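Examination of the molecular architecture
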Amino acid sequence: MKHLLKLSDLSSEEILSVLNLADQLKYELKHGISHKRLEGKTLGMIFTKASTRTRVSFEVGMYQLGGSALFLSGNDLQIGRGEPIQDTARVLSRYLDGIMIRTFKQSDVEGLAKYGSIPVINGLTDYCHPCQVLADLMTVREYKGSFKNLKLCFIGDGNNMANSLIAGCVKTGMKISVASPSGFKPDEKLVKWGEESGLLTVTSDPFKAAENADVIYTDVWASMGQESEAEERKKAFKNYQVNDDIMSVAKKDAMVLHCLPAHRGEEITEKVFEKHASEIFDEAENRLHAQKAVLVKLLS
Ligand code: CP
Ligand code: NVA
């Protein structure tokens with residue numbers, strides 16, 4: 001594993017190995033066992049979109065591993081004034097040990113990896129959010145013991161989260177059902193690949209998708225960059241809310257996950273959110289542990 005650009009690049013073994021290391025690092029942190037495995041290393045963190053979890057968990061993660069992290073706002077870097085990604089990649093490779101980038105275009109993340117000579121980690125693009133799904137998988141395994149015979153159901157926009165969940169579930173052998181309205185389906189190529197594995201079903205019916213699910217997952221209806229479509233999207237997604245009716249067709253012990261930030265009253269009701277808050281905030285915490293595992297794999 002040289003980069004983390006998208007989950008489908010990783011083998012099942014590589015994903016499991018990251019998750020095992022994440023469990024170990026979480027254990028070490030909780031038991032006060034020092035794990036400064038990245039002493040002297042510096043991670044650059046480029047953000048051209050907002051972030052709470054990704055920024056803080058990467059920065060704290062590097063600190064706990066004995067290294068340091070630099071926050072680089074896209075607006076302040078010369079890329080904001082048109083410096084090509086090829087040049088940015090080659091310059092940053094001379095100073096840093098790794099780059100984490102959150103931006104719009106997947107091709108910019110792939111470009112950094114192609115032209116630079118240091119590991120690149122995708123901290124979210126319009127296409128995918130691999131770091132989030134590593135934390136999600138870690139949380140599912142913590143609660144359910146393994147991935148065997150599990151079904152995850154994603155309800156909502158076929159966005160970056162849906163795409164990465166498809167990749168993550170198929171790679172770990174979990175069944176995944178995605179319910180989204182027409183015109184908002186996940187990436188076509190990924191859907192074809194997922195359906196061929198026999199693990200993915202895509203439907204427009206959220207109740208059919210949620211039937212007997214072990215995990216119900218949702219995300220905002222309007223992602224970062226889609227703010228101007230928010231009203232139109234509220235209409236398109238009004239029947240795609242995770243509420244008591246949806247939960248009643250899932251398994252009795254189904255867990256609920258949300259990558260956050262959440263919009264209560266839109267993609268999820270306040271009641272379902274608060275009932276499952278311990279799972280959702282464990283999931284948020286696991287961003288730290290899962291990303292530390294990625295950092296150790298790529299930078300040490
Ligand atoms: N889930 C997630 O990536 O959160 P942030 O946007 O706060 O980083
Ligand atoms: N789909 C959301 C995920 C946020 C973590 C977005 O891209 O804004």
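Here the structure is a predicted model, which is why all the values come from computation and not from measurement.

Rules and cut-offs
Residues numbered from 1 in each chain as written. Chains lettered and ligands numbered in written order. Predicted model: local features only at pLDDT ≥ 70, side-chain atom pairs only at ≥ 80, totals over all residues. Heavy atoms only, no water. Disulfide = S-S within 2.5 Å. Buried < 20%, exposed > 50% of the residue type's maximum accessible area, 1.4 Å probe, protein only. Pairing = 2+ DSSP bridges. Helix = DSSP H or I, 4+ residues; strand = E, 2+ residues; numbered from the N terminus. Axes fitted to C-alpha atoms, helices over the stretch in contact; angles between N-to-C directions. Contact = heavy atoms within 4.5 Å. Near = heavy atom within 4 Å. Polar contact = N/O pair within 3.5 Å; in protein donor to acceptor, adjacent residues only side chain to side chain. Areas by Shrake-Rupley, 256 points an atom, 1.4 Å probe, with all protein chains shown as cover. Nonpolar A, V, L, I, M, F, W, Y, C, P; charged D, E, K, R; others polar. Phe/Tyr/Trp six-rings, centres within 6.5 Å; stacked < 30°, edge-to-face > 60°. Right-handed = clockwise from strand over helix to strand, strands pointing away.

Inspection of every chain in the model, using the stated rule, returns 0 disulfides. Its sulfur unpaired, Cys 131 is 9.2 Å from the next cysteine sulfur, which belongs to Cys 128. Assessed through its relative accessible area of 1%, Cys 131 is described here as buried. Looking at the unpaired Cys 169, the closest cysteine sulfur is the one in Cys 153, lying at 10 Å. We classify Cys 169 as buried; its relative accessible area is 0%.

Strand pairing in a sheet relies on backbone hydrogen bonds, with the paired strands running either antiparallel or parallel. Pairing is parallel in the open sheet, where 5 strands are placed in the order 7-6-5-8-9. Pairing within the sheet leaves two strands with one partner each, and these edge strands are strand 7 (200–203) and strand 9 (255–258). Neighbour-to-neighbour, the strand axes of the sheet open up by a mean angle of 20 degrees, direction not taken into account. Its contacts with the sheet put helix 5 (residues 130–144) on strand 8 (215–218) and strand 9, and the angle it makes with strand 9 is roughly 165 degrees.

On to the site of ligand 2, then. Taken together, the residues surrounding ligand 2 are Leu 124, His 129, Asn 159, Asn 160, Asp 219, Val 220, Ser 223, Met 224 and Leu 260. Here a nitrogen atom of ligand 2 and a side-chain polar atom of Ser 223 are 2.7 Å apart. Met 224 is positioned with one of its backbone polar atoms (N or O) 2.8 Å from an oxygen atom of ligand 2. Computed on the free molecule, ligand 2 has an accessible area of 270 Å², of which 94% lies beneath the protein chains in the complex. Classifying every residue of the shell around ligand 2 gives 4 nonpolar, 4 polar and 1 charged.

Within the structure shown, the criterion is met by 6 aromatic pairs. Residues Phe 154 and Tyr 217 carry aromatic rings whose centres are separated by 6.0 Å and whose planes lie at 35 degrees to one another, so their mutual orientation is tilted. With Phe 154 in strand 5 (residues 151–155) and Tyr 217 in strand 8, this residue pair connects regions lying 63 residues apart in the sequence. Of the two residues examined, Phe 154 and Tyr 217, each falls in the buried class. Consider the rings of Phe 273 and Phe 281, whose centres lie 6.0 Å apart with planes at 80 degrees: the pair is edge-to-face.

Attention shifts here to the pairing of strand 6 (residues 175–179). With 4 of 5 residues buried, strand 6 is to be regarded as a mostly interior element. Inspection of the sheet shows strand 5 paired to strand 6 by 5 bridges, in the parallel sense. What sits directly across from Ile 155, in strand 6, is Ala 179. A crossover links strand 5 with its parallel partner strand 6, the connecting element being helix 6 (residues 160–172), and its sense is right-handed. Relative to strand 7, strand 6 runs parallel, the two sharing 4 bridges. Pairing of Ser 177 across the sheet is with Thr 201, part of strand 7. Crossover connection from strand 6 via helix 7 (residues 188–197) to parallel strand 7: handedness right-handed.

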